[in-house]
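Secondary and tertiary structure notes
Below are the chains, spelled out letter by letter.
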Amino acid sequence: MLEATHLAAMEDLPALVAAHARLLGCSDTVIYATDLQQLLLVPLPGQLGPSGEPLEPMRIDSTMAGRAFRVVEIVQAKTVPAGDGRRLWVPLLDGTERVGVLGATVSAYDELVEWRVKQLASLVAVLMISKRPHSDSFARLVRARPMTLSAEVMWTLLPPGTFASDDVVVSAALEPAYEMGGDAYDYAVDGSLLHLALFDAMGHDTSAGLTASVAMGSCRHNRRLGMELPAISEAVDAAIKEHFTGRFATGILACLDLRTGQLSWVNRGHHPPLVIRGGQCVTTLESAPIPDPPMGFGLGISTGLLRYQLQRGDRLLFYTDGIIEAQSPDGETFGLERFVDFVIRQEADGVSAPETLRRLIQAILRHQSGRLQDDATVLTVEWRSERRHQLTM
C-alpha cells in the first residue's frame, strides 16, 4: 500500500486503502478526518455507504466513531447486518495528533486482528499527513465555513496541535479557528531542549495576524541562530517595531530542559504561566517585580531570564486573555479559577491533554454563546512522570 501511494493524491487514498485492507480481512473500510474545530468527523471524498449513498459527517461527541476519536481506543460497534462480523472504529494517529478515524468490518476480533487494524490505521494516518500539505480539496473538506485571510496565513505557520515523546506532551488549541487575529503558538524540539512561544498581538484583524506572523518568524529565525531567550525577545521587539507603526505583541518565550526539568522563560507583558501538580495549581510563574514590556515598543528589558524547577508529572499552562476574559451574554467572565479547575478535573478523570483542550474550547464557546469576542489560545506542556517515562522506554 505504501508503494502504491507514492504517486497518489489524497482523493486516491480511500480506494487504495480499501483494496489493500481486504488482504488483512478488513472490508467496508471508510476514512474520516476531523474538521478544523474537532467537532465533526468528515469522510474523505468519493466514499459511499452500504446502499451506495454518499457518506455524511458524524459528530465527535455523540457517535461510536467519535468515541474512538475521543478516547483514542478501538471501539467495537454493533454486529454488522449479516451477523457474522464486527464493525470497528479505529483512531488515526500521527504520533499523538488525532487525524481522524478508520472504519472497518472484520469477521472476528482477537489480538491478531487488533494488531493488524492498528498497524493499518497507523499507516493510513501517516499517508494522510503526507498528502495533506498540498491538497486544497482536503483543506476545504475540514472547513465548515470560509476563513479570513489572517486565519489562512496563521494556520500555515502553526505547528500541529499535539506532540509527544517519552519525556513530554505538548498540546495547543486556538479559537476562533476561522477568524483568528493576533494569537499564535509555537514549539520545537532541539535535542534535549523543548522551545516554546506564545504570542498575543494587538487587535483582531489582518494586521494583528501579520504582527503575530512576524513575531513567530523572528522568534524561529533567531532561535535557530542560537540566540538566548532575552536576545530573541529583543529581536522580536525590533522586528515588530521595524515593520509596523503602533503595533505590539505580548508573549512568553520559554525553554524546557527535558533531562532536568529546568524551565527558563522571558515574559514580555503576558499573563504568567501556571504550574499544575498533583491535581492543584501549585504556583504562578510571576515576573518580579513586573513583566518586561510588550514587544514592538523598543523599550528594552530589565527582568530578563527567569527560571523554575519542574517536577516529573508537572503540567504547565500558557494562555492568552481570550481564555480567562471570555464573557457570557450577561457579562460573567470565564475567569482564571474556572479555567484551572476545568483542566484539573479533566486530568483527574484521566482525559488526555488534547481532549482536555478540545473540551475546554467548547466550554468557552458555550460560555460566550458560541462566539468569542477575542482570540483564545491555550498551550499545555506536561513533563512526563517517571513512571510513564519508564513505561514508554
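Refer to the structure printed above.
Only a predicted model underlies this, so the values are computations on that prediction, with no experimental measurement involved. (Residues numbered from 1 in each chain as written. Predicted model: local features only at pLDDT ≥ 70, side-chain atom pairs only at ≥ 80, totals over all residues. Heavy atoms only, no water.)

This part takes up the nonpolar core. Within the largest apolar cluster, 49 residues are counted, with the highest numbers of intra-cluster contacts made by Leu-194, Phe-199 and Phe-318. With sequence-adjacent residues up to four places away left out, Phe-318 is seen in contact with Leu-196, Leu-198, Ile-252, Ala-254, Pro-273, Thr-377, Val-378, Leu-379 and Val-381. (Core = buried A, V, L, I, M, F, W, Y, C linked by side-chain atoms within 4.5 Å. Buried < 20%, exposed > 50% of the residue type's maximum accessible area, 1.4 Å probe, protein only. Contact = heavy atoms within 4.5 Å.)

One pass over the structure, following the stated rule, counts 18 salt bridges. As a salt-bridge pair, Glu-97 and Arg-132 come within 3.1 Å of each other at their nearest N and O atoms. With Glu-97 in strand 6 (residues 97-106) and Arg-132 in the loop between helix 3 (111-131) and helix 4 (136-141), this residue pair connects regions lying 35 residues apart in the sequence. The buried category is assigned to Glu-97, whose relative accessible area is 14%. We note a salt bridge from Asp-314 to Arg-277, for which the minimum N-O separation is 2.8 Å. Taken together, the positions of Asp-314 in the loop between strand 15 (306-309) and strand 16 (315-319) and Arg-277 in strand 13 (residues 274-277) put the pair 37 residues apart, joining distant regions of the chain. For Asp-314, a relative accessible area of 1% puts it in the buried group. Counted as one network, the salt bridges with shared partners bring together Asp-61, Arg-98, Glu-355, Arg-358 and Arg-359. (Salt bridge = Lys/Arg side-chain N within 4 Å of Asp/Glu carboxyl O. Helix = DSSP H or I, 4+ residues; strand = E, 2+ residues; numbered from the N terminus.)

Cis geometry is found at the peptide bond from Glu-175 to Pro-176, where omega equals 0°. Its location among the elements puts Pro-176 in the loop between strand 8 (168-175) and strand 9 (183-190). One non-glycine residue, Gln-38, lies in positive phi territory at about 55°. Assignment of secondary structure puts Gln-38 in the loop between strand 1 (26-34) and strand 2 (40-43).

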